[in-house]
Amino acid sequence: MRSYKTTMVDDVELLPRQDREAALADAGYNVFELASDAVAVDLLTDSGTGTMSNDQWAAMMRGDEAYAGSSSFSDLVDAVADVMGFEHIVPAHQGRGAENVLYGALVDEGDTVLNNAHFDTTRAHVAANGADPVDCPVDGARDPDSDDPFKGDFSIEAARRVVDDVGAENVPAVVLTVTNNSMAGQPVSVENTREVAAFADDIDATFVVDACRFAENAHFVRQREPEFEDDTVADIAREQLSYADACVMSGKKDGLVNAGGFVGLREQGDLFEACRQRGILYEGFSTYGGMSGRDMAAFAVGLREAVEPPYVAERVGQVQRLAGMLDDRGVPVYQPAGGHAVYVDANAALPHLPRDEYPGQAFVCELYLEGGVRGVELGRFAFPGTERRDLVRLALPRRTYGPDHLEHVADTAAAVCERSDDVTGYEIVDEPEMEELRHFSARLEPLQ
Ligand code: F0G
C-alpha cells in the first residue's frame, strides 16, 4: 500500500485517435512540440516532479521573497548541508543553470571533461565552453541484458586511456552522474565513487557529482552493495556525496520541486567565488539564483523528504513494477530497470527499421498514436553520431500516476510491438544548429 493518499486531482483525457494523429503531425512528429492537454499519460520526463506534499505546499506559503538574505534560502542551505553535506551553495533556476555556472568557471577551451555519461545539457555546456565531453561508461553499460547491479559506474580504465592521450593538465573535471540518466538510469556504487575520487585526486582534477537523482541511487546502493545493507538511504547518500569536491543539482528531480537547482561546494575558495560571480551574472543574486522564495522553501522540504523511508522505496518500486508489466507483455526493456524510468529497446522492438530511420523516434510516435502516451527517444536522434542503442525512455514523474496508468502504458507499448511490422521509420526534415540539442526542436516526417 502506498504511504500517501491523493488530495488534489488533475484531469486526464485520452483524445480520439484522429485528433492525436493531427496533433502529432502539427508537432512535426516531435513530442516535445505537443501540448500537454493532448497527452493522456505523460512520461516525457521525471523532471519538475509532478506532485508535491502538503508540507511542501505549506512551506511555500511561508516563502520569503526578499531579493537578498531570504530566510527561504537559509532553509535551503541548511537542508543541503544536512542531507547532502555541502556547506556552500550557489543557487540556480534549475540544473542546467548550475551547469552553466560551474562548467563556465571550471573549464577552458581545448580541455577534456570525463563523465560516466554526460546528460544532454551537461554535454552541451561542456562543449559550449570549448571543451570535449568524453563518456567513460563501464563495459556492459550498453548491454540491455546484463544483470550487473551497477551498470552506471565510471570506467577508470577508459578514463586513464583518455588522460594518457590528452594529458592530465587538460582534464579539469571528472564528473559522476548518479544515477546515470544517459545509461538507462543505472546506479553507481559507492565503491566506484571512491575509486573515481582517488582517480580525480591523482590527476589533480575537480571531482563533481551530478547529484540530480542522488536519493534513488542511494536506494539501489542499499539494495545491491552488501557493505550498506543495514544503512539508511539518508546515510548512504551523505556517504556517497562525501567524496565529491562539488555537485551540480537539479531540484526538479530528487529535490521534489517544480523548479530550482544549485552548485554545491565544500569551501569558499576561488572556485566558489568564481561560481558566485557567474551565478549573479546569469542566474540572479546569490541568495535566490532565479528561484522564487516559494521554490526554495519547497525545495528545502523536498530534499529532506527524498531520503525519508518509505518515499524512495515506493518511487523506485513503481518504476520496477512498470518494467515488470512491460516485460510480461513481451515489450523488450533494458534490464535491470533504472531508478526514474524504464527504457524500451526500440532496436529489438522494431528490428526491421534501419538505425538511420530512427526506430526509437518511430516507437515514441507510435506510443502516442496508440494510447496518448508520451515518452522520449534517447538514442541516435537525441545523441547524434553515437553508436548507442535506440532506447525510448518512459520516465515516471514522482508521486503522480497510479497502477491503472501503468497498465495503460504497458498495454499501449504491447499493442505497438504486436503490429511492429506496420511501423515506418522517420527522416529529419529540419534541425537546429546545435547538434547536442537536436531532439528538443527538430522536425521529422514519416517515411513511406
Ligand atoms: N543532469 C542530469 C543527469 C539530468 O538528468 C538533467 C535533467 C540535468 C542535469 C539538467 O537539469 O533539467 O534542471 O536543467 N534531466 C531532465 C530529464 C530534463 O528529462 O532527464 P535541469
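Everything numeric in this text was worked out from a predicted model, so none of it was measured. (Residues numbered from 1 in each chain as written. Predicted model: local features only at pLDDT ≥ 70, side-chain atom pairs only at ≥ 80, totals over all residues. Heavy atoms only, no water.)

Participant: Would you explain the overall build of the protein chain in this entry?
Facilitator: A tally of regular secondary structure across the protein chain gives 16 helices and 14 strands. For 448 residues, the compact-globule formula gives about 22 Å, and the C-alpha radius of gyration of the protein chain, at 21 Å, lands near that figure. Seen through its C-alpha atoms, the protein chain measures out along the principal axes to roughly 60 × 55 × 45 Å. Put simply, of all contacts in the protein chain between residues at least 6 apart along the chain, 73% involve residues at least 24 apart. (Helix = DSSP H or I, 4+ residues; strand = E, 2+ residues; numbered from the N terminus. Rg over C-alpha atoms; globule rule 2.2 N^0.38 Å. Contact = heavy atoms within 4.5 Å.)

Participant: What should I look at first to understand the site of the ligand in this one?
Facilitator: In the vicinity of the ligand lie 17 residues, with Thr-45, Arg-96, Asp-210, Ser-250 and Lys-253 positioned nearest. Here an oxygen atom of the ligand sits 2.9 Å away from a polar atom, N or O, in the side chain of Arg-213. Per-element tally for the shell around the ligand: the top contributor is helix α4 (residues 95-106), with three residues. Along the lines of polarity and charge, the residues of the shell around the ligand split into two nonpolar, eight polar and seven charged. (Near = heavy atom within 4 Å. Polar contact = N/O pair within 3.5 Å; in protein donor to acceptor, adjacent residues only side chain to side chain. Nonpolar A, V, L, I, M, F, W, Y, C, P; charged D, E, K, R; others polar.)

Participant: Which parts of the structure should I look at to understand the packing of α4 against helix α5 (residues 120-128)?
Facilitator: Helix packing geometry: the angle between the two helix axes and the distance between the axes. With their axes 10 Å apart at the nearest point, α4 and α5 run at an angle of 30° to one another. When the axes of α4 and α5 are compared, the pair comes out roughly parallel. In this structure, α4 meets α5 at a crossing whose hand is right-handed. Mapping the contact onto sequence places Arg-96, Glu-99, Asn-100 and Tyr-103 in α4 and Thr-121, Thr-122, His-125 and Val-126 in α5. (Axes fitted to C-alpha atoms, helices over the stretch in contact; angles between N-to-C directions. Parallel < 35°, antiparallel > 145°, perpendicular 65-115°, else oblique. Left-handed = near helix turned anticlockwise from the far one by under 90°.)

Participant: Got a minute to help me understand the packing of aromatic side chains in this structure?
Facilitator: Where two aromatic rings form a pair, the distance of their centres and the angle of their planes describe that pair. Scanning the entire structure with this criterion turns up seven aromatic pairs. Their ring planes at 20° and their centres at 5.7 Å tell us that Tyr-67 and Phe-285 sit as a pair that is stacked. With a gap of 218 residues between them, Tyr-67 in the loop between α2 (54-61) and α3 (71-84) and Phe-285 in the loop between α10 (270-282) and α11 (293-306) connect regions that are remote in the sequence. Assessed through its relative accessible area of 55%, Tyr-67 is described here as exposed. (Phe/Tyr/Trp six-rings, centres within 6.5 Å; stacked < 30°, edge-to-face > 60°. Buried < 20%, exposed > 50% of the residue type's maximum accessible area, 1.4 Å probe, protein only.)

Participant: Help me understand the sheet that holds strand β3 (residues 112-115) in this model?
Facilitator: What holds strands together in a sheet is hydrogen bonding between their backbones, with the strands either parallel or antiparallel. Overall, mixed pairing links the seven strands, which are arranged β2-β8-β7-β6-β5-β3-β4 in an open sheet. The two strands at the open ends of the sheet, each matched to only one other strand, are β2 (88-92) and β4 (132-135). Taken pair by pair, the neighbouring strands of this sheet meet at an average axis angle of 20°, ignoring direction. Here five bridges tie strand β5 (residues 173-177) to strand β6 (residues 206-210), and the two strands are oriented parallel to one another. Along β6, the bridge assignment pairs Leu-176 with Val-209. Running at roughly 125° to β2, α3 makes contact with β2, β7 (246-250) and β8 (261-265) of the sheet. Most of the contacts of α10 go to β2, to which it runs at about 20°, and overall it touches β2, β6 and β8. (Pairing = 2+ DSSP bridges.)

Participant: Where do I start with the sheet that holds strand β11 (residues 376-378) in this structure?
Facilitator: Strand order in the open sheet made by the three strands is β9-β12-β11, with antiparallel pairing throughout. The sheet terminates laterally at β9 (341-345) and β11, the two strands that pair on one side only. With strand direction ignored, the average angle separating the axes of adjacent strands in the sheet is 35°. Bridge count for β9 against strand β12 (residues 391-395) is five bridges, and the pairing is antiparallel. Bridge pairing in β12 places Asp-345 opposite Leu-391.

Participant: Could you clarify how one ought to interpret helix α15 (residues 403-418) in this entry?
Facilitator: An α-helix turns once every 3.6 residues. As a result, residues three or four positions apart point the same way. Here α15 contains 16 residues, and its C-alpha end-to-end distance of 22 Å stays within 8% of the 22 Å for a straight helix at 1.5 Å per residue. Among the residues making up α15, those that are buried are Leu-406, Val-409, Ala-410, Thr-412, Ala-413, Ala-414, Val-416 and Cys-417. Against β1 (41-42), α12 (311-328), α13 (346-349), α14 (359-371), β10 (373-374) and β12 lie the buried residues of α15. (Expected span 1.5 Å × (residues − 1).)

Participant: Where do I start with the environment of Lys-5 in this structure?
Facilitator: Inspection of the secondary structure puts Lys-5 in the segment before α1 (17-26). Separated by 394 residues in the primary sequence, Lys-5 and Arg-399 place their C-alpha atoms 9.7 Å from one another.

Participant: Would you take a moment to explain the pairing of β5 for this structure?
Facilitator: Residues in a regular strand project their side chains so that they alternate between the two faces of the sheet. Within β5, five of the five residues are buried, leaving the element largely enclosed by the surrounding structure. A two-sided burial pattern is seen for β5, the buried positions comprising Ala-173, Val-175 and Thr-177 on one face and Val-174 and Leu-176 on the other. Alignment of β3 against β5, held across three bridges, turns out to be parallel. Following the sheet pairing, Val-113 is matched in β5 by Ala-173. Taking the sense of rotation as the criterion, the β-α-β connection linking β5, helix α7 (residues 190-202) and β6 turns out right-handed. (Right-handed = clockwise from strand over helix to strand, strands pointing away.)

Participant: Looking at this model, I keep getting lost on unusual backbone geometry. Mind explaining?
Facilitator: Where the residue is not glycine, phi is negative for most of them; where a peptide bond is considered, it is trans in most cases. The omega angle of the peptide bond from Pro-309 to Pro-310 is 0°, so this bond is cis rather than trans. By secondary structure assignment, the location of Pro-310 is in the loop between α11 and α12. Here the amide bond leading from Gln-335 into Pro-336 is cis, since omega sits at -15°, within 30 degrees of zero. Among the secondary structure elements, Pro-336 is positioned in the loop between α12 and β9. Look at Tyr-29: it is not a glycine, yet its phi comes out positive at around 55°. As for its placement among the helices and strands, Tyr-29 is situated in the loop between α1 and β1. On the accessibility criterion, Tyr-29 (16% relative accessible area) is buried.

Participant: What is the right way to read the side chain of His-340 from this model?
Facilitator: With respect to the helices and strands, the residue His-340 is situated in the loop between α12 and β9. Within the local environment of His-340, its side chain forms a polar contact with the side chain of Asn-181, the two groups lying 2.9 Å apart. Contact partners of His-340, with chain neighbours within four places excluded, come to Asp-46, Thr-179, Asn-181, Gly-185, Arg-213, Glu-216, Arg-315, Val-319, Arg-393, Leu-394, Ala-395 and Leu-396.

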